[in-house]
Amino acid sequence: MNSVFALGFFLGLQHAMEADHMAAVAAINRNSASRRMALTQGTAWGLGHTLALFALVLTVVATKTNISHNLSQWLELGVGVMLVFLGLRVLVTASRKHIHYHRQDMETVHIHAHQHTASESVDH
């Protein structure tokens, strides 16, 4: 039984490193002010994802059913729609940012992008 749990754990790790998961976590953490906040948000997302999958697996095992190909297709479509939504949120946020550059000395130029709050004026 331990080998089954180990296999599930390693398959879960592989699944977690897939592009859709990386994109979701990156979109969620796009405005994190610190590494600690990013780690907290990523951990919360991971736990929520794990609990949702665990509930689905328990339901399938308890009812002795399986997920049909048709339902699987709809679930994958839902994931795709969610990823498009997250990507659009990132693009909208990025479109609200603008780039400033400052000459720190005769040779060094500092460039950064930021977003002003609604109460701040924007000087271009």
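What counts as what
- Residues numbered from 1 in each chain as written.
- Predicted model: local features only at pLDDT ≥ 70, side-chain atom pairs only at ≥ 80, totals over all residues.
- Heavy atoms only, no water.
- Helix = DSSP H or I, 4+ residues; strand = E, 2+ residues; numbered from the N terminus.
- Buried < 20%, exposed > 50% of the residue type's maximum accessible area, 1.4 Å probe, protein only.
- Contact = heavy atoms within 4.5 Å.
- Patch = residues over 30% accessible without salt bridge, like charges linked within 9 Å, V, L, I, M, F, W, Y side chains within 5 Å.
- Areas by Shrake-Rupley, 256 points an atom, 1.4 Å probe, with all protein chains shown as cover.
- Salt bridge = Lys/Arg side-chain N within 4 Å of Asp/Glu carboxyl O.
- Expected span 1.5 Å × (residues − 1).
- Phe/Tyr/Trp six-rings, centres within 6.5 Å; stacked < 30°, edge-to-face > 60°.
- pLDDT = per-residue confidence, 0-100.
- Arc of directions from axis to C-beta.

J.: An account of the overall build of the protein is requested, with residue identities and associated values reported.
T.: In terms of helices and strands, the protein carries 4 helices and 2 strands. Counted from the first residue to the last, the protein has its helices and strands arranged as α-α-α-α-β-β. Taken over 124 residues, the protein has a buried fraction of 7%. A fraction of 28% describes how many contacts in the protein between residues 6 or more apart in sequence connect residues 24 or more apart.

J.: Go over a nonpolar patch on the surface with me, naming the residues and quoting the values.
T.: A cluster of nonpolar side chains, namely Leu53, Leu56, Ile67, Leu71, Trp74, Leu75, Leu77 and Val81, defines an oily patch on the protein surface of about 740 Å² accessible area. For the nonpolar patch, the secondary structure elements donating two or more residues are α3 (35–63) and α4 (69–95). Of the residues forming the nonpolar patch, the biggest block, 5 residues, is contributed by α4. Structurally, Leu53 is set in helix α3. Accessibility expressed as a relative area gives 38% for Leu53, which makes it partly exposed.

J.: I'd like to hear about α3, residue by residue, with values.
T.: Its 29 residues place the ends of α3 42 Å apart at the C-alpha level, agreeing with the 42 Å of an ideal helix rising 1.5 Å per residue. Just downstream of α3, Lys64 is the residue with a positive phi angle, here 55°.

J.: Just give me the short version of the packing of aromatic side chains, but keep the residues and values in it.
T.: Tallied over the full model, the rule gives 1 aromatic pair. Relative to Phe10, the ring of Phe9 has its centre 5.3 Å away and its plane inclined at 75°; by these criteria the two rings are edge-to-face.

J.: So what's going on with the confidence of the model for the protein? Which residues, and what values?
T.: Here the protein averages 80 in pLDDT, while 90% of its residues score no lower than 70. Across the protein, α3 holds the top mean pLDDT of 86, while strand β2 (residues 109–114) sits lowest at 71.

J.: Got a sec to walk through unusual backbone geometry? Specific residues and values, please.
T.: Only a minority of non-glycine residues have a phi that is not negative, and only a minority of peptide bonds are not trans. Despite not being glycine, Lys64 has its phi angle at roughly 55°, a positive value. Looking at where Lys64 falls in the secondary structure, it is placed in the loop between α3 and α4. Of the residues examined, Lys64 reaches a relative accessible area of 76% and is grouped as exposed.

J.: Account for helix α2 (residues 19–28), with residues named and values stated.
T.: What α2 keeps buried is the set His21, Ala24 and Ala27. Along the axis of α2, the buried residues cluster in a sector spanning 130°; they form a single face. In the core, the buried residues of α2 are packed alongside α1 (2–16), α3 and α4.

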